[in-house]
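The residues making up each chain are set out below.
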Amino acid sequence: MTSTLRAQSYFYTYKPSAKNFAAFMVNIAVSRKKNQIWMLYRDPVARIKSFYRDAFHTHPKRMLNERESLQSNYWRASQRLFFPHLGLSNQSDDTEISETLTSTSFEAMVSGLRKIWWKDAHLAPQVFQLYFKYKALAFSIKPDIYLDIENPDTALQLSTKDIDVSKKKNCSEAKTDLVVKPESLVVLKTIYSEDFQRFNL
């Protein structure tokens, strides 16, 4: 989902700072009087499956096959979080890292996820995106509409805002469905309970 939004040329990533945080809050308050606020979400289980395919298969294989054309030590922060749980470190050889990631089962990934899910935006519940905090300044956003990005009707609604959900910044190669075992599903429903509740899933 993030890759779809990043592919929209007129979107930008907001990074709060002491100088612009208050102004950002004011802009939100003013704009919501004129426009609706939409939140795009994805089924939490489908979202973590997508993360697993990309972070544990597509990206490690690409890193190993194209490492000469990529910058050295090009492992993402979300991947590095799993290193201690997989017997790896930042000093591990790229080949070892790639082979360890690609050989890690979905269940093993979920087991490690229990200890780190709040540390990276790719892993944290999507409702966390509604809360903003910078030092002593904090506020939350209450969307007017929640849209499931995988729902065909959503694509039609987004097209009215010139958002093309067919665009992808990153796209996982493996598309075979992953069967989530009951014990892993319990863990995911616990971690993402707020998402399931907020999105009526």
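Being a predicted model, the structure only gives us computed values, none of them experimental. (Residues numbered from 1 in each chain as written. Predicted model: local features only at pLDDT ≥ 70, side-chain atom pairs only at ≥ 80, totals over all residues. Heavy atoms only, no water.)

1. What about helix α8 (residues 182-191)?
Think of an α-helix as 3.6 residues a turn; residues three or four steps apart then line up on the same face. Looking at α8, one finds that the buried residues are S184, V187, L188 and I191. All buried residues of α8 fall inside an arc of 95° around its axis, so they share one side. Residues of α8 that are exposed and point more than 90 degrees away from the buried face comprise P182, V186 and T190. Buried residues belonging to α8 abut α3 (44-65), α6 (106-113) and α9 (193-198). (Buried < 20%, exposed > 50% of the residue type's maximum accessible area, 1.4 Å probe, protein only. Helix = DSSP H or I, 4+ residues; strand = E, 2+ residues; numbered from the N terminus. Arc of directions from axis to C-beta. Contact = heavy atoms within 4.5 Å.)

2. Overview of the side chain of D120
Positionally, D120 belongs in the loop between α6 and β2 (131-134). It is R47 that comes nearest to the buried, bridge-free D120 among opposite-charge side chains, at 7.2 Å. One polar contact links D120 to H122, side chain to side chain, over a distance of 2.8 Å. Here D120 is in contact with A77, S78 and L81, once residues within four sequence places are set aside. (Lys, Arg positive; Asp, Glu negative; His and termini not counted. Salt bridge = Lys/Arg side-chain N within 4 Å of Asp/Glu carboxyl O. Polar contact = N/O pair within 3.5 Å; in protein donor to acceptor, adjacent residues only side chain to side chain.)

3. Some thoughts on the pattern of salt bridges
Overall, the coordinates contain two salt bridges when judged by the stated rule. Ionic pairing is found between R42 and E150, a salt bridge with its closest N-O pair at 2.8 Å. Taken together, the residues span a long stretch of sequence, with R42 in the loop between β1 (38-41) and α3 and E150 in the loop between β4 (145-148) and α7 (152-159) at a distance of 108 residues. Judged by relative accessible area, E150 falls into the partly exposed class, the value being 40%. The partner of R76 in a salt bridge is D54, and the shortest N-O contact between them spans 2.5 Å. On the criterion of sequence distance, the pair formed by R76 in the loop between α3 and α4 (77-80) and D54 in helix α3 is long-range, its members being 22 residues apart. Owing to a relative accessible area of 25%, R76 belongs among the partly exposed residues under this scheme. A residue is classified by how much of its surface remains accessible, and D54, at 16% relative accessible area, is buried.

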